[in-house]
Amino acid sequence: QVQLVESGGGLVQPGGSLRLSCAASGSIFSIYAMGWYRQAPGKQRELVAQVTTGGSTNYADSVKGRFTISRDNAKNTVYLQMNSLKPEDTAVYYCNAHQYGLPTRFDYWGQGTQVTVSS
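Residues numbered from 1 in each chain as written. Predicted model: local features only at pLDDT ≥ 70, side-chain atom pairs only at ≥ 80, totals over all residues. Heavy atoms only, no water.

### Some points on the state of the cysteines
Short version of the rule: Note on disulfides: each one is a pair of cysteine sulfur atoms within 2.5 Å. Strands here are runs of E lasting at least two residues and helices are runs of H or I lasting at least four, both read from the DSSP assignment and numbered beginning at the N terminus. Residue burial is assigned from relative accessible area. The probe radius is 1.4 Å, only protein chains are included, and a residue is buried under 20% of its type maximum, exposed over 50%, and partly exposed in between.
Counted according to the given criterion, the structure contains one disulfide. In this model Cys22 forms its disulfide with Cys95; the gap between the sulfur atoms is 2.0 Å. What sets the handedness of the Cys22 and Cys95 disulfide is the S-S torsion sign, and at about -85° it is left-handed. A residue pair is termed long-range when its members are at least 10 positions apart, and Cys22 in strand E3 (residues 18-25) and Cys95 in strand E9 (residues 91-99) qualify at 73 residues. With respect to burial, Cys22 and Cys95 carry one shared label: buried.

As structure tokens, this is what we get:
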């Protein structure tokens, strides 16, 4: 079992930066691929960034060059550094943990943290 707790969301002006954190507990963090998803009002949840157990990363085209995902296995934590934020980045951001070899219905999700980009 895995518990995920996000933090770091808040209100920021366009062009600003935020760093989201996702702390995992309850299992072996290093065996999970980790990801950040977001969902804006009236829209479907979308993938923002992923980092595999081997450290490979993937990003949505909309955030490439602005966001950076990283993981610290020693701290059981995954981060999302968000720079040059835009109003369209406004959403609830969710942390996701996926274990290879299991269906996605076995994924774990955090409670979400609100990011609002507005002047």
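Now that the structure is up, let's keep going.
### Things to note about the sheet that holds strand E8 (residues 77-82)
Where we set the bar: When DSSP locates at least two bridges between a pair of strands, those strands are taken to pair. Inter-axis angles, ranging from 0 to 180 degrees, are taken between N-to-C directions of lines fitted to C-alpha atoms, where helices are fitted over the stretch in contact.
The strand order across the open sheet built from four strands is E1-E3-E8-E7, with neighbouring strands paired in antiparallel fashion. Of all the strands in the sheet, the pair left with one neighbour each is strand E1 (3-7) and strand E7 (67-72). Averaged over neighbouring strand pairs, the angle between their axes works out to 15° when direction is ignored. Pairing analysis gives five bridges linking E1 to E3, with the strands arranged antiparallel. Residue pairing across strands places Ser7 opposite Ser21, the latter belonging to E3.

### What about the packing of aromatic side chains?
Applied cut-off: Here the aromatic set is Phe, Tyr and Trp, taking the six-membered ring for Trp, and pairing holds for ring centres within 6.5 Å; pairs whose planes are under 30 degrees apart are stacked, those over 60 apart are edge-to-face, and all others are tilted. We call a charge positioned above a ring when the Lys NZ or Arg CZ atom is no farther than 6 Å from the ring centre and deviates by at most 35 degrees from the ring normal.
Under the criterion given, the structure shown has two aromatic pairs. Arg45 extends its terminal NZ or CZ atom over the ring of Tyr94, reaching a point 4.0 Å from the ring centre.

### Some thoughts on the pattern of salt bridges
If the charged atoms of two oppositely charged side chains come close together, the side chains can form a pair. Keep this limit in mind: Think of a salt bridge as a Lys or Arg side-chain nitrogen and an Asp or Glu carboxyl oxygen that are within 4 Å of each other.
Here the structure, examined in full by the defined rule, presents four salt bridges. Of the charged contacts in the structure, one is a salt bridge between Arg38 and Asp89, with a shortest N-O distance of 3.0 Å. With a gap of 51 residues between them, Arg38 in strand E4 (residues 32-39) and Asp89 in the loop between E8 and E9 connect regions that are remote in the sequence. The exposure class of Arg38 is buried, given its relative accessible area of 6%. Here Asp61 and Lys64 are joined by a salt bridge, their closest N and O atoms 3.2 Å apart. One salt-bridge network, in which partners are shared between bridges, spans Arg38, Glu46, Arg66 and Asp89.

### Comments concerning the side chain of Arg71
The test is simple: The convention is simple: Lys and Arg are positive, Asp and Glu are negative, and His and the chain ends are not counted. N or O atoms within 3.5 Å of each other form a polar contact, as long as, within protein, one can give a hydrogen and the other can take it, and as long as residues adjacent in sequence are counted only when both atoms are side-chain atoms. Here, residues are in contact when the closest pair of their heavy atoms is within 4.5 Å.
With respect to the secondary-structure elements, Arg71 resides in strand E7. For the buried residue Arg71, which engages in no salt bridge, the nearest side chain bearing the opposite charge is Asp72, 8.5 Å off. Here the side chain of Arg71 touches Phe29 through a polar contact of 3.1 Å, landing on its backbone oxygen. Within the structure, the side chain of Arg71 is placed 3.2 Å from the backbone oxygen of Thr52, a separation counted as a polar contact. For Arg71, the contacting residues outside a window of four places in its chain are Phe29, Ser30, Tyr32, Ala33, Met34, Val51, Thr52, Thr53, Thr77 and Val78.

### Description of the pairing of strand E5 (residues 46-51)
Relative to E5, E4 is paired through five bridges, and the arrangement is antiparallel. When the sheet's bridge partners are listed, Gly35 is paired in E5 with Gln50. Between E4 and E5, which pair antiparallel and follow one another directly, the connecting turn spans six residues, one of which, Gly42, has a positive phi of 75°. Direction of pairing for E5 relative to strand E6 (residues 57-59): antiparallel, over a ladder of three bridges. Bridging across to E6, Gln50 finds its partner in Asn58. Taking the residues between adjacent antiparallel strands as the criterion, E5 and E6 are bridged by five residues, where Gly55 takes a positive phi near 95°.

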